[in-house]
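Single-letter residue listing:
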Amino acid sequence: QVQLVEFGGGLVQAGGSLRLSCTASKSIVLCNAMGWYRQAPGKQRELVASIFRNGGSTYADSVKGRFTISRDDAKNTVYLQMNSLKFEDTATYYCNARGGFGAYNGMDYWGSGTLVTVSS
């Protein structure tokens, strides 16, 4: 089992910045893909950004150029730097760890979520 703990949500004005962090209880070097998803009220959960074991990353079109995903393997932590926040970025953000080796093999882990509220 792997536990994912998110930090960093909060209230911010439009145009501001926040950094989310997600710390895993086991080495993220073993994980194929670490990602951030978000779910706004009344909407489906959607992928925001992922970072892969080979170092590659992918972003939703809506956040490209504003959000950056990164990882610190020594701290088993993945970050999501969110700049130029918009009202429509308001959502609960969830950390995800998908596939890999050891405890990650064949598994799909989720954090409990952290709320980001952007005031217009």
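Owing to the predicted nature of the structure, the values given are computational and were not obtained by experimental measurement.

Peer 1: It is not clear to me how the pattern of salt bridges should be interpreted in this structure. Could you clarify?
Peer 2: Between side chains of opposite charge, a pair can form when the charged atoms approach closely. Under the criterion given, the structure shown has six salt bridges. Measuring nitrogen to oxygen at the nearest pair gives 2.9 Å for the salt bridge that ties Asp 89 to Arg 38. One end of the pair, Asp 89, is in the loop between strand S8 (77–82) and strand S9 (91–100); the other, Arg 38, is in strand S4 (residues 31–39), with 51 residues separating them in the sequence. Like Asp 89, the residue Arg 38 is buried in the burial classification.

Peer 1: What exactly am I supposed to notice about the sheet that holds strand S1 (residues 4–7) here?
Peer 2: Sheet strands pair via backbone hydrogen bonds, and the direction of the pair is either parallel or antiparallel. An order of S1-S3-S8-S7 is seen for the four strands of this open sheet, with the pairing classed as antiparallel. Where the open sheet ends on each side, the last strands, each with one partner, are S1 and strand S7 (67–72). In this sheet, neighbouring strand axes are inclined to one another by 15° on average, regardless of whether the strands run parallel or antiparallel. Taken together, the six bridges between strand S3 (residues 18–24) and S8 define a ladder with antiparallel strand orientation. Residue pairing for S8: Arg 19 is matched across the bridge by Gln 81.

The rules we used
- Along each chain, residues carry numbers from 1 onward, in the same order as the chain's sequence is written.
- Per-residue local features of the predicted model are confined to residues with pLDDT of at least 70, and side-chain atom pairs are confined, for both listing and counting, to 80 or more; whole-chain, interface and lining totals are unaffected and use all residues.
- To get the side-chain values, take all heavy atoms of the structure and skip hydrogens and water.
- Counted as salt bridges are all cases of a side-chain nitrogen of Lys or Arg within 4 Å of a carboxyl oxygen of Asp or Glu.
- Only runs of H or I of at least four residues qualify as helices and only runs of E of at least two qualify as strands under DSSP, and these elements are numbered from the N terminus.
- Exposure is judged per residue with a 1.4 Å probe applied to protein chains only, and the accessible area is read against the type maximum: over 50% gives exposed, under 20% gives buried, and values in between give partly exposed.
- The pairing criterion for strands is at least two bridges between them, as found by DSSP.
- In this description, a line fitted to the C-alpha atoms serves as the axis of each element, helices being fitted only across the stretch in contact, and the angle between N-to-C directions of two axes falls anywhere from 0 to 180 degrees.

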